[in-house]
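Spelled out from the first residue to the last, the chains are:
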Number of protein chains: 2
Amino acid sequence: MRSTMMDAPLQVARILEHGVTVHGTAEVVTWTGAGPRRMSYAEVGRTAARLAHALRDECGVTGDERVATFMWNNTEHLVAYFAVPSMGAVLHTLNIRLFPDQVTYIANHAQDRVVLVDSTLIPLLARVLGELTTVRHVVVVGGGDPGPLRAVAGDLVTFHHWDDLLAGRPEHYDWPEVDERDAAALCYTSGTTGHPKGVAYSHRSIYLHSLQVCLPEGFGLGPGDRELAIVPMFHAMSWGLPYAAFLSGASLIMPDRFLQAEPIAEMIAAERPTLAGAVPTIWNDLLAHLDAHDVDTSSLKEVIVGGSACPPALMHAFAERHGIEVIHAWGMTEMSPLGSVSRAPAGVTGDDAWRYRYTQGRVPAGVAARIVGPLGEPLPADGASVGELEVRGPWVTARYVGDDAPDPEKFRDGWLRTGDVGTLSPDGFITLTDRAKDVIKSGGEWISSVELENALMAHPDVQEACVVGVPDQRWGERPLATVVVREGASTSVEQLRAFLAGSVAHWQLPERWAVIDAVPRTSVGKFDKKVVRSRYAAGDLEVRELAGP
Amino acid sequence: MRSTMMDAPLQVARILEHGVTVHGTAEVVTWTGAGPRRMSYAEVGRTAARLAHALRDECGVTGDERVATFMWNNTEHLVAYFAVPSMGAVLHTLNIRLFPDQVTYIANHAQDRVVLVDSTLIPLLARVLGELTTVRHVVVVGGGDPGPLRAVAGDLVTFHHWDDLLAGRPEHYDWPEVDERDAAALCYTSGTTGHPKGVAYSHRSIYLHSLQVCLPEGFGLGPGDRELAIVPMFHAMSWGLPYAAFLSGASLIMPDRFLQAEPIAEMIAAERPTLAGAVPTIWNDLLAHLDAHDVDTSSLKEVIVGGSACPPALMHAFAERHGIEVIHAWGMTEMSPLGSVSRAPAGVTGDDAWRYRYTQGRVPAGVAARIVGPLGEPLPADGASVGELEVRGPWVTARYVGDDAPDPEKFRDGWLRTGDVGTLSPDGFITLTDRAKDVIKSGGEWISSVELENALMAHPDVQEACVVGVPDQRWGERPLATVVVREGASTSVEQLRAFLAGSVAHWQLPERWAVIDAVPRTSVGKFDKKVVRSRYAAGDLEVRELAGP
């Protein structure tokens, strides 16, 4: 039986129209280093219409052509977030922090026709513009000189200044009705291997994701809120905050290029955000600044931390020293990005609440999650069974841009393989412990390298420990424990193995051990397990073999 | 460009699964008159699976067959709300308050195959069961004797007891994937003329509507909330509260048949709801009770009033005497039903806030609204132009069940004609003043009968006034003012006309006047304008003609 309901598509233009009318007096504030710039949502709507007219009439954007941004978080970027998808084109947020050849690959792969660039980023774009084969128009935002860009651009590229381009154009645009499953925005994710992979968000996925962001279980955005959106608009759509703000009526505070602790603290004191979102590094820096200076942060109820795991110490420090609740969230570019938000269940308080809040959090209604074992078999959601986390839902990607079929390394039976390993509790809390590639697959069972490392590092004589999987004739893979012994201490690997036996299952105990001088690290300071494995393979480690399982 | 996102349908089963797992410890509480009954959402999930197995295996429900409920708000009704749509069948909530021939028409029109009936409602169902031509199974909930039903039912009807029917069945059901545009639930609306009309909600519309209900701009439901759902589950899906509760983790408190002020007050004191929803009559009765008794209502933050316009006096009384915020909401069965919620814009306080709160409220992002004039022409959303309100959106019906095409009396160019007349402000606030049928269409302009009545009743000598449109040779229609003069007062219609001229436009001034003894009223106490018009047509009124426009 067909329903009698209207077939009204979910589309970005509806979010824009809602924000512009119902929340027309909400505002976007952009930090400039010399006083903030302000624009009401009503004016954002008029500016978006002018940009759409300009893109269509001056840049010849038609159909689903891609309009790229190479920009900080600011008012004009927000205007592009709405104008481009609303007119039926596709917004492509280029990540300004990637290597030049990655940016080139991505822009060419997406066939970007127009690039909007902040004038402060002209030098960075100039490194790649000459290689961008499909770009025909560059729009410079702000008063910068496009000279360095002209110097490298081919003859086919026309340059515009934002203000001139928009001047005098109509403040109304008849946003077309779109198919809600059509692409609205593109974002590429740069894995550690191979080319970056593109995800094409639909109008539908953006709309549903924005609703979820606004829910009390999500970020709980409402008309009275002011959201400090530090998370870059070129990272997974800034967690959907720009769209969620127009949907909910929350105002937006944008840091532009002022991402250091001092200006962020100034923004908080001056613009009084109620909520803020950023990666742990930003919050770490801010914490040190707040500890050392007298900053009025009384407006801030919650800060959302995502992008990488949130250290519990950071959560406690903000709560105890500054009265700010740090909420841990987890997601992926492939998930729009919201995967889970870690709020303790209703009525749970004290240490019990903290235990929940350390986890990655609970999946929202729109996301289904499961844990699967080494052979892809679903495991129980019992909070104990360890496996790879897989997700699906209307704002999860089914494949990457340009792929005819889902890559089986990344997708399985209609589920996205997150590459993260952990547990799922009966009440939907995700606890992630390892990246799948760092898990040791031993005879059909999985051993968490991180768990072994933590257990080893609990020994007073161990300074640090790094555990990797190495090939094993009988079990396929077995753990190799590499240990740095604390200066002046004298412990043996036999003693360490006996110590470990007190906290992990017998079959998980490593039989291969090596005492080393230091754990090799990546450029960002993480354990470099690739190097440890290759040193072992090359016979460069002095390995002791003890009894096996 | 197609997006790469998964094609995951929005369906009721996903809401159920979310509530059962993530919010498995939330609970539904049903009032019994002898202590509440409680069931966790996890148990509701298991019971829904058992009901689905029973409906399929014992009642032969397949495909999209209709399963009707003839029930109060209680746990078993909630179980049916989830089990029936989740298994792919269609839930049909029969309104127990309709006349028997309306119930018969509706159940036969919908081709209901199964009826679930509360045993306390057996006598009511017995009045119609003999006429229900498609019903094959009746399931009695509670320990009542189905004798009166057996006495009237045909040979083809089998009777079951809920407990026996569900006993021993599996607590898991593989909910099928559905097309999100398929019908999930049916509700009929009984207009004043013609047969009742059916609206078939889709899985998609229910899902989107539930998200909206949970938003801070909607009812703001979160995991810590306890929602007292007084609005009947047979009225427009109880405003979507059952689904919104499972989506958000709010617990539900159900009054069953105990809808009087005293048990409602007991429920509030005992079960400590944070939110409640009901029609103004319920709140009026409760207010009188709270004024006269010492009841602990400290848990209640907000009560939502909808179903008919909320008198400002009621809002003030709850706020000032009991510290409870009354939120005015507007909707229609045709709108799932949420149309607007009246919260003052952020930062607006005091009398300014009250002026917003008296209105019908703001449309959510999912609903587009417009005001159209007598010829269907769109009027500006300027807060002044008066016209009929039209709406559209993904949870608004496009036609009625069984109609091949939209009825032009009710739909226009893809919009639902609400039949309500009023204004729309630039920031989305709806103010409704008249039903379209009570508006006077005078020479292409509309005159609000309610506005004239209010202006007349402001005169100290007028006890009440009823204004209706009557045929006019020149203008098509003109207002007739009928006035009841206060006991002992002596005012003339000329004086009243002069008084009116001080507050309404000259061209709106009635030329026809009649002093009457009392305004005729309907059975529910509203002005019966039909009777006034027919008395005028029959020449039964002593009409004075004054100067026209």
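What counts, and where the lines are drawn
Residues numbered from 1 in each chain as written. Chains lettered and ligands numbered in written order. Predicted model: local features only at pLDDT ≥ 70, side-chain atom pairs only at ≥ 80, totals over all residues. Heavy atoms only, no water. UniProt positions renumbered as here; feature names shortened; annotations may be inferred. Helix = DSSP H or I, 4+ residues; strand = E, 2+ residues; numbered from the N terminus. Rg over C-alpha atoms; globule rule 2.2 N^0.38 Å. Contact = heavy atoms within 4.5 Å. Lys, Arg positive; Asp, Glu negative; His and termini not counted. Charge placed at Lys NZ, Arg CZ, Asp CG, Glu CD. Pairing = 2+ DSSP bridges. Axes fitted to C-alpha atoms, helices over the stretch in contact; angles between N-to-C directions. Least-squares fit on C-alpha atoms with pLDDT ≥ 70 in both. Salt bridge = Lys/Arg side-chain N within 4 Å of Asp/Glu carboxyl O. Buried < 20%, exposed > 50% of the residue type's maximum accessible area, 1.4 Å probe, protein only. Left-handed = near helix turned anticlockwise from the far one by under 90°. Nonpolar A, V, L, I, M, F, W, Y, C, P; charged D, E, K, R; others polar. Right-handed = clockwise from strand over helix to strand, strands pointing away.

Per an unreviewed UniProt entry, chain A goes by the name Long-chain fatty acid--CoA ligase and belongs to Micromonospora wenchangensis. If you open the UniProt record of chain A and go to Sequence similarities (unreviewed entry), you find "Belongs to the ATP-dependent AMP-binding enzyme family."

Undergrad: Explain the overall build of chain A to me, and be specific about the residues and the numbers.
TA: Along chain A, the regular secondary structure elements total 16 helices and 28 strands. Against the globule reference of 24 Å for 549 residues, chain A gives a C-alpha radius of gyration of 25 Å, in line with a compact fold. When the backbone C-alpha atoms are referred to their principal axes, chain A occupies close to 80 × 60 × 50 Å. Pairs at least 24 residues apart make up 67% of the contacts formed inside chain A by residues separated by at least 6 positions. Side chains of chain A give 47 positive and 68 negative charges; the mean places of these two sets differ by 2 Å.

Undergrad: So what about the sheet that holds strand 4 (residues 90-93) of chain A? Which residues, and what values?
TA: All names here are of chain A. Strand order in the open sheet made by the seven strands is 7-6-5-3-4-8-9, with mixed pairing throughout. Of all the strands in the sheet, just strand 7 (158-161) and strand 9 (197-202) have a single pairing partner and so form its edges. Within the sheet, the average angular offset between the axes of one strand and its neighbour, ignoring direction, is 25 degrees. For strand 5 (residues 112-118) and strand 6 (residues 137-141), the ladder comprises five bridges, and the chain directions are parallel. Bridge assignment links Leu-116 to a residue of strand 6, and that residue is Val-139. On the sheet, helix 3 (residues 75-86) packs against strand 3 (66-70), strand 4, strand 5, strand 6 and strand 8 (183-189) and is oriented at approximately 145 degrees with respect to strand 4.

Undergrad: Got a sec to walk through the relation of the copies chain A and chain B? Specific residues and values, please.
TA: Both copies of the chain are placed relative to one another by a rotation about an axis and a shift along it. Take chain A, turn it by 179 degrees, move it 0.0 Å along the axis, and it overlays chain B with an RMSD of 0.3 Å. In the structure described here, the two chain copies are related by an operation that fits a two-fold rotation axis. Minimal C-alpha distance to the rotation axis in chain A is attained by Leu-215 of chain A, lying at 2.7 Å. A symmetric contact is evident, with 100% of the interface residues of chain A recurring at the interface of chain B.

Undergrad: Talk me through the pattern of salt bridges; I want residue IDs and the actual numbers.
TA: Within the structure shown, the criterion is met by 71 salt bridges over all chains. Residues Glu-453 of chain A and Lys-529 of chain A are paired through a salt bridge, measuring 2.8 Å at the closest nitrogen-oxygen approach. Of the two residues, Glu-453 of chain A is situated in helix 14 (residues 449-457) and Lys-529 of chain A in helix 16 (residues 529-537); the sequence distance between them amounts to 76 residues. No difference in accessibility class separates Glu-453 of chain A from Lys-529 of chain A, as the two residues are buried. Linking Arg-169 of chain B and Glu-58 of chain B is a salt bridge whose minimum nitrogen-to-oxygen distance equals 3.3 Å. Linking Arg-169 of chain B in the loop between helix 7 (162-166) and strand 8 (183-189) with Glu-58 of chain B in the loop between helix 2 (41-57) and strand 3 (66-70), this pair joins segments that are 111 residues apart in sequence.

Undergrad: Go over the packing of helix 11 (residues 280-292) of chain A against helix 12 (residues 312-322) of chain A, please, and point to the residues and values.
TA: Residues and elements named next belong to chain A. Where helix 11 contacts helix 12, the axes come no closer than 11 Å and their chain directions differ by 30 degrees. Crossing handedness for the pair helix 11 and helix 12: left-handed. Listed contacts from helix 12 to Pro-280, Trp-283, Asn-284, Leu-286, Leu-287, Leu-290 and Asp-291 of helix 11 are Leu-314, Ala-317, Phe-318, Arg-321 and His-322. Looking at the contact of helix 11 with helix 12, its residues break down into eight nonpolar, two polar and two charged.

Undergrad: Please set out unusual backbone geometry residue by residue, giving values where relevant.
TA: Across the junction of Ser-336 of chain A and Pro-337 of chain A, the peptide omega takes the value 10 degrees, indicating a cis bond. Of note, Pro-337 of chain A is situated in the loop between strand 14 (325-331) and strand 15 (338-342). In this structure, Ala-236 of chain B takes a positive phi of about 45 degrees despite not being glycine. Locating Ala-236 of chain B in the fold gives a position in the loop between strand 10 (226-229) and helix 9 (241-248). With a relative accessible area of 7%, Ala-236 of chain B lands in the buried category.

Undergrad: Could you give an account of the pairing of strand 14 (residues 325-331) of chain B, with specific residues and numbers?
TA: All names here are of chain B. With five of its seven residues buried, strand 14 lies for the most part within the structure. As defined by bridge partners, strand 13 (residues 302-305) adjoins strand 14 across four bridges and the pair is classed as parallel. Across the sheet, the residue bridging to Val-303 is Val-326, located in strand 14. What joins strand 13 to strand 14 is helix 12 (residues 312-322), and the crossover it makes is right-handed. What sits between the antiparallel neighbours strand 14 and strand 15 (residues 338-342) is a turn of six residues, in which Ser-336 has the positive phi angle 80 degrees.

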